[in-house]
Structures are given as structure tokens and as C-alpha cells.
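Listed below, chain by chain, are the residues.
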Amino acid sequence: MNYRILAINPGSTSTKIAVYDNDKQILVKGIDHNTADLEKYDRVQDQFDMRKSEVLKVLQENNIEINTLSAVVGRGGLLPPVKSGAYLVNDQMIDRLKNRPVIEHASNLGAIISYEIARPLGINAYIYDSVAVDEFKDVARLSGISGMDRESLSHALNSRAMAIKYAKENNTNYSDLNLIVAHLGGGITVSVHEKGKMVDIVSDDEGSFSPERAGRVPCKKLIDRCFSGNYTHKEMLKMIRGKGGIVSYLNTVDVRAVEKMISEGNKEAKLVHEAMAYQVAKSIGELATVIEGRVDAIIITGGIAYSKMMTANIKKRVEFISKIEILPGENELESLSLGTLRVLNKEEEAREYQEASLAKA
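Since this is a predicted model, take the numbers as computed values, not measurements. (Residues numbered from 1 in each chain as written. Predicted model: local features only at pLDDT ≥ 70, side-chain atom pairs only at ≥ 80, totals over all residues. Heavy atoms only, no water.)

Engineer: Honestly, the overall build of the protein chain in this entry has me stumped. Any pointers?
Structural biologist: Helix and strand counts for the protein chain come out as 13 helices and twelve strands. Taken over C-alpha atoms, the radius of gyration comes to 20 Å for the protein chain, in line with the 21 Å a tight globule of 361 residues would show. For the protein chain, the spread of C-alpha atoms along the principal axes amounts to about 55 × 50 × 45 Å. Counting across all 361 residues of the protein chain, residues that qualify as buried make up 52%. (Helix = DSSP H or I, 4+ residues; strand = E, 2+ residues; numbered from the N terminus. Rg over C-alpha atoms; globule rule 2.2 N^0.38 Å. Buried < 20%, exposed > 50% of the residue type's maximum accessible area, 1.4 Å probe, protein only.)

Engineer: Please explain the sheet that holds strand E3 (residues 24-32) as it appears in this structure.
Structural biologist: Whether parallel or antiparallel, the strands of a sheet pair through hydrogen bonds between backbone atoms. Taken in spatial order, the seven strands of this open sheet run E3-E2-E1-E4-E6-E5-E12, and their pairing is mixed. The outermost strands of the open sheet, each flanked by one partner alone, are E3 and strand E12 (351-352). Summarising the sheet, strand E1 (residues 4-10) and strand E2 (residues 14-21) pair through seven bridges and their orientation is antiparallel. Within E2, the residue paired with Asn-9 across the bridge is Lys-16. Relative to the sheet, helix H2 (residues 48-61) contacts E1, E2 and E3, its axis offset from that of E2 by approximately 40 degrees. (Pairing = 2+ DSSP bridges. Contact = heavy atoms within 4.5 Å. Axes fitted to C-alpha atoms, helices over the stretch in contact; angles between N-to-C directions.)

Engineer: Just checking my understanding: could you explain the sheet that holds strand E11 (residues 324-328) for this structure?
Structural biologist: Spatially, five strands are ordered E9-E8-E7-E10-E11 in an open sheet, and the strand pairing comes out mixed. A strand with exactly one partner marks an edge of an open sheet, and here the two such strands are strand E9 (197-202) and E11. Across the sheet, the axes of successive neighbouring strands diverge by a mean angle of 20 degrees, strand direction being ignored. Examined bridge by bridge, strand E8 (residues 188-194) and E9 share five bridges and lie antiparallel to one another. Bridge pairing links Val-190 to Val-202 in E9. Sitting on the sheet, helix H5 (residues 156-169) is in contact with strand E7 (178-184), E8, E9, strand E10 (297-302) and E11, with an inclination near 130 degrees to E10. Of the strands in this sheet, E7, E8, E9 and E10 are in contact with helix H10 (residues 267-288), which crosses E8 at around 20 degrees.

Engineer: What am I meant to see in the pairing of E1 here?
Structural biologist: Every regular strand shows the same layout, with side chains that alternate between the two sheet faces. With seven of its seven residues buried, E1 lies for the most part within the structure. With burial as the criterion, each face of E1 is covered, one bearing Arg-4, Leu-6, Ile-8 and Pro-10 and the other bearing Ile-5, Ala-7 and Asn-9. Where E1 folds back onto E2 in an antiparallel hairpin, the turn is made up of three residues. As judged from the four bridges shared by E1 and strand E4 (residues 71-75), these two strands associate in the parallel manner.

Engineer: How should I be thinking about the nonpolar core in this particular structure?
Structural biologist: When a protein is soluble and globular, its nonpolar side chains tend to lie buried together. Of all hydrophobic cores here, the largest spans 36 residues; its most connected members are Leu-6, Ile-8, Leu-59, Val-72, Leu-79, Val-89 and Met-93. Elements supplying a minimum of two residues to this core: E1, E2, E3, H2, helix H3 (91-99), helix H4 (108-118) and strand E6 (124-128). The biggest single contributor to this core is H4, with seven residues. Listed in part, the 35 residues of the second largest apolar core include Val-199, Val-258, Ile-291 and Ile-300. (Core = buried A, V, L, I, M, F, W, Y, C linked by side-chain atoms within 4.5 Å.)

Engineer: Can you help me understand the packing of aromatic side chains in this one?
Structural biologist: The geometry of an aromatic ring pair is captured by the separation of the ring centres together with the interplanar angle, meaning the angle of the planes. Under the counting rule described, the total for this entry stands at two aromatic pairs. Aromatic side chains Tyr-87 and Tyr-353 sit 6.5 Å apart centroid to centroid with 70 degrees between the ring planes, which places their arrangement in the edge-to-face category. Of this pair, Tyr-87 sits in strand E5 (residues 86-88) while Tyr-353 sits in the loop between E12 and helix H13 (355-358), placing them 266 residues apart in sequence. Considered together, Tyr-87 and Tyr-353 belong to a single accessibility category, that of buried residues. Ring centres of Phe-209 and Tyr-249 lie 5.9 Å apart, and the angle between their planes is 50 degrees; on these two criteria the pair is classed as tilted. Residue Phe-209 is found in the loop between E9 and helix H6 (219-226), and its partner Tyr-249 is found in helix H8 (residues 246-250); the two are separated by 40 residues along the sequence. (Phe/Tyr/Trp six-rings, centres within 6.5 Å; stacked < 30°, edge-to-face > 60°.)

Engineer: What should I look at first to understand unusual backbone geometry in this one?
Structural biologist: A negative phi angle characterises most non-glycine residues, just as the trans form characterises most peptide bonds. Here Asp-129, not a glycine, exhibits a phi torsion of approximately 45 degrees, which is positive. Take Asp-129: it is sitting in the loop between E6 and H5. Residue Asp-129 is classed as buried on the basis of its relative accessible area, which comes to 3%. Despite not being glycine, Lys-195 has its phi angle at roughly 50 degrees, a positive value. Along the polypeptide, Lys-195 turns up in the loop between E8 and E9. Lys-195 sits in the partly exposed class, given a relative accessible area of 46%.

Engineer: Please clarify how the pattern of salt bridges should be interpreted in this entry.
Structural biologist: Pairs can form between side chains of opposite charge once their charged atoms are near each other. Inspection of every chain in the model, using the stated rule, returns 22 salt bridges. Where Lys-260 meets Glu-264, a salt bridge forms, and the shortest distance between an N and an O atom there is 2.6 Å. Overall, the relative accessible area of 56% leaves Glu-264 in the exposed class. A salt bridge links Glu-348 to Arg-342; the shortest N-O distance between them is 2.6 Å. Its relative accessible area of 26% is what places Glu-348 among the partly exposed residues. You can call Arg-342 partly exposed: its relative accessible area is 29%. Via salt bridges that share partners, Asp-95, Arg-96, Arg-100 and Glu-355 belong to a single interconnected network. (Salt bridge = Lys/Arg side-chain N within 4 Å of Asp/Glu carboxyl O.)

Engineer: I tried to follow the side chain of Ser-307 on my own but got confused; where do I start?
Structural biologist: Here Ser-307 shows up in the loop between E10 and helix H11 (308-318). Sequence-distant contacts of Ser-307, defined by excluding residues within four places in its chain, comprise Glu-259 and His-273.

Engineer: In this structure, what is going on with helix H12 (residues 332-344)? I would like to understand it.
Structural biologist: Taking 1.5 Å of rise per residue, 13 residues should cover 18 Å, and H12 covers 18 Å from first to last C-alpha, within 8% of that figure. At the C-terminal side of H12, Lys-346 shows a positive phi close to 65 degrees. (Expected span 1.5 Å × (residues − 1).)

Written out as C-alpha cells, the structure reads:
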């Protein structure tokens, strides 16, 4: 049976799409969105029409007829905690992502765009390995303030896919390994995988700063700034997500541009670059304690993992813990498509999203 799958991965400043015929990629395209244009929208959800239109335009330009699609899969957004694997997109999920998102994030548009493309065609829309995959142990949930539990929000899709890929390439099973995966992209998250379950993370507001996010910042200073009267709630959120991290220091979100500055003798760029690597390494070390130091491998992935300078700076600080595997790239489109193909081939079963049952999931 031949299945054609459209995968959609909205990011903060781009929307990446791919079309697969079974496991063969026949189209991949990154659609860049101008930052100034994005700032015209008050909420991420307001970008829906623009992004959907761009996706359909790319399909048309590449002679992909939408009525040849068997399924559409989107990046799973910021939902209440869900299990790993596939979920059917339904009206409950759309209502949550449109009207009551856990956090405003571009990935929330993955399910919405997929659903609106799939529904008129009479085919299913899915998400796979949502950002909100939660396999925490209870001890990992406490934050230090009652009623403010930690949440499992991470780059679960690529992190799990690379952990599974590593296991396969080493002739073993994901469920037999203890792994730490550092995903380095526009946001940075680090996760620990114990025998096939992602049992804890360092999220993008708990650990390293990244090209556009502030990461872990001093709480008292942050509170003082919030109540200074100089910033709105929206401006403070933007300060830590969108205008924090590298861009706040060097006015760029491009690590390649930072490395060019370093090659030209820019000492501030060198310090910022090294500080990000330093903080990623701290997060890896932190998570090694979760599995009592029994780490089979540390995987560094994401777009920034292409940077030899960055990965070398991280590696020198953590290679005493375990061996390092560099699996660069943000492989979400392949992971989304192949996960959906397993559902269509009845190798996996997609779950039905029902908020009332999530607490029991």
C-alpha cells in the first residue's frame, strides 16, 4: 500500500514541510518568515492563515496535489501532558491549542494547520511525540514551590527519534539504554531517557540560554524587573522567549554569525558562545545524576550540533561522563512522517485526544 504523508513543523521563525511517499522523501522545504512580519501578530495563533497559505503555495509550486495525500501530520504543540506516539487531531485538541494553550509557541500551529488541510480532504490529521510528552517520575515534578510543579515540555520528537536511531545503529534497543540527549536549536532542551522512557528534562527555561531564549535566569532580578513598571507582561515574556539569549547580547540568532565574529577577534562573541556551551554541559551533568551516573551515551543533536566549535566546547566538559554521539540536524519532519506511516501501516495505534482522560493517561 502506498501512502503519501505531508508533515508540517512550525518553528519560531520558519515553517518546515516535507512530503513522503511511504518512507521516501519526495519534497522538503523550509519556509522562512520575516521577523518584522511575525511581530505584526499579537498571538502565535494569529499566524495561522499566513502559514497555511505558505504551505499550500509550496505544494502547488512543486506539483503536489493535495488530494493525493493520505494523511497530514503536524508538530505536536503545547498541550496538557500526553503520552508518546501518535494522537488523532480532533476538535478538543484544536480548541485547546487555539484558545487555551499551555504556552504560546509556534509548534501549536502544527496540529491546527494539519487539521485544516486534512479535514476537507476527508483524511486524518495527526500529531506525533508532542512537545508535551510527559514520562516524568513523581520525584521530578516538585519545583520547590507548592502548586508550581515542573512540566515536561521539550523537543521530545527529535530527542526520542535520535535516541531510537542511536540504539538501532548500535544494534540494541532504545528500551535497554540510559541516554542523555541535548537538542540545540532556537531553544535548547536536554532530556534523560531511562530504559525507553524520558524521565526528566532540563527545559528551555531551566537550563542553557539559546539563540533566542534566556534560559535559567536569576529569579529575584527577574521578579524585580517584572514589577519595575517599565515592562508589560507581553514584553517580559518576549524578553525571555524571542529576545533573550544570544540575540540579547549580540543582536543575532545565527550561531554561524557568532562564530564569524569570533574568527574576526570579537571577544564578547567568544564569551557568549562559550557560555552557552558551558550551560549546556551543566544541564547534561545535572541529568546524569538522575540515573546515578549510569549513562550509556550522550547525544548532541539539533541544528546547532552542526557547529564543530560548539560541540567541541560541550564535549570537553562532559566526556568524562560517557561517550558522545553527534547526530546533527532537526530531524522532526522525518520523525513525524515515519511515525505516521507506522500508524497507517497499523504497526502503531493513534490515541484519541480527550482532556478528561489525560490525568489518567
